[in-house]
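Residue-level structural notes
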Amino acid sequence: QLLKKAQALCEEYGVPSSIILLKGPVKQSICAYAEEIKANVLIMASQGLGAMDRLIVGSVSDYCVHHCKCSVVVVK
C-alpha cells in the first residue's frame, strides 16, 4: 500500500515510476538490477544508522556506493 501511495505521488508530479520486486540478497540484487536496466544513477534513502549499527548490520547504501557500476546518490 505504501508503494502504491508513492507511485500515485510520482504520477501526480509527472515523475515516471514503476514498482519492481527483487528476490535474493538485497545489496547484490539492487546492484544487479541497476546494471540490468543500464541505470545512469541510483537514488537511495539512508536509514540513518550510526557508525556502530552500520558496522554490525552493514549498510545497503554503502555497499551500493562501492559496488554499483552507475552513480549512486544517498539521501538522508
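See the structure printed just above.
Now for a description of the structure that goes with this document. (Residues numbered from 1 in each chain as written. Predicted model: local features only at pLDDT ≥ 70, side-chain atom pairs only at ≥ 80, totals over all residues. Heavy atoms only, no water.)

**Section: helix 2 (residues 26-36)**
The set of residues buried in helix 2 consists of Ser29, Cys31 and Ala34. Among the structural elements, helix 4 (60-67) are those in contact with the buried residues of helix 2. Lys38 lies just past helix 2 and shows a positive phi near 55°. (Buried < 20%, exposed > 50% of the residue type's maximum accessible area, 1.4 Å probe, protein only. Helix = DSSP H or I, 4+ residues; strand = E, 2+ residues; numbered from the N terminus. Contact = heavy atoms within 4.5 Å.)

**Some thoughts on helix 1 (residues 2-12)**
Since there are 3.6 residues in each turn of an α-helix, residues three or four apart along the chain are aligned in direction. Burial runs low along helix 1: only zero of the eleven residues are buried. Gly14 sits one or two positions beyond helix 1 and adopts a positive phi of about 75°.

**Quick look at the pattern of salt bridges**
Using the criterion set out here, one finds one salt bridge in the structure. A salt bridge links Lys69 to Glu35, with the shortest nitrogen-to-oxygen separation between them at 3.2 Å. Pair noted here: Lys69 is in the loop between helix 4 and strand 2 (71-75) and Glu35 is in helix 2, with a separation of 34 residues, a long-range link. Judged by its relative accessible area of 44%, Glu35 falls in the partly exposed class. (Salt bridge = Lys/Arg side-chain N within 4 Å of Asp/Glu carboxyl O.)

**What about the pairing of strand 1 (residues 41-45)?**
By the alternation rule, side chains of strand 1 split into Leu42 and Met44, which are all buried, and Val41, Ile43 and Ala45, of which none is buried. Summarising the sheet, strand 1 and strand 2 pair through five bridges and their orientation is parallel. Bridge assignment links Leu42 to a residue of strand 2, and that residue is Val72. (Pairing = 2+ DSSP bridges.)

**Considerations on a nonpolar patch on the surface**
On the surface, Val41, Ile43, Val73 and Val75 cluster together into a nonpolar patch covering about 330 Å² of accessible area. Within the residue set of the nonpolar patch, elements represented by two or more residues are strand 1 and strand 2. Structurally, Val75 can be placed in strand 2. Classification of Val75 as partly exposed rests on a relative accessible area of 40%. (Patch = residues over 30% accessible without salt bridge, like charges linked within 9 Å, V, L, I, M, F, W, Y side chains within 5 Å. Areas by Shrake-Rupley, 256 points an atom, 1.4 Å probe, with all protein chains shown as cover.)

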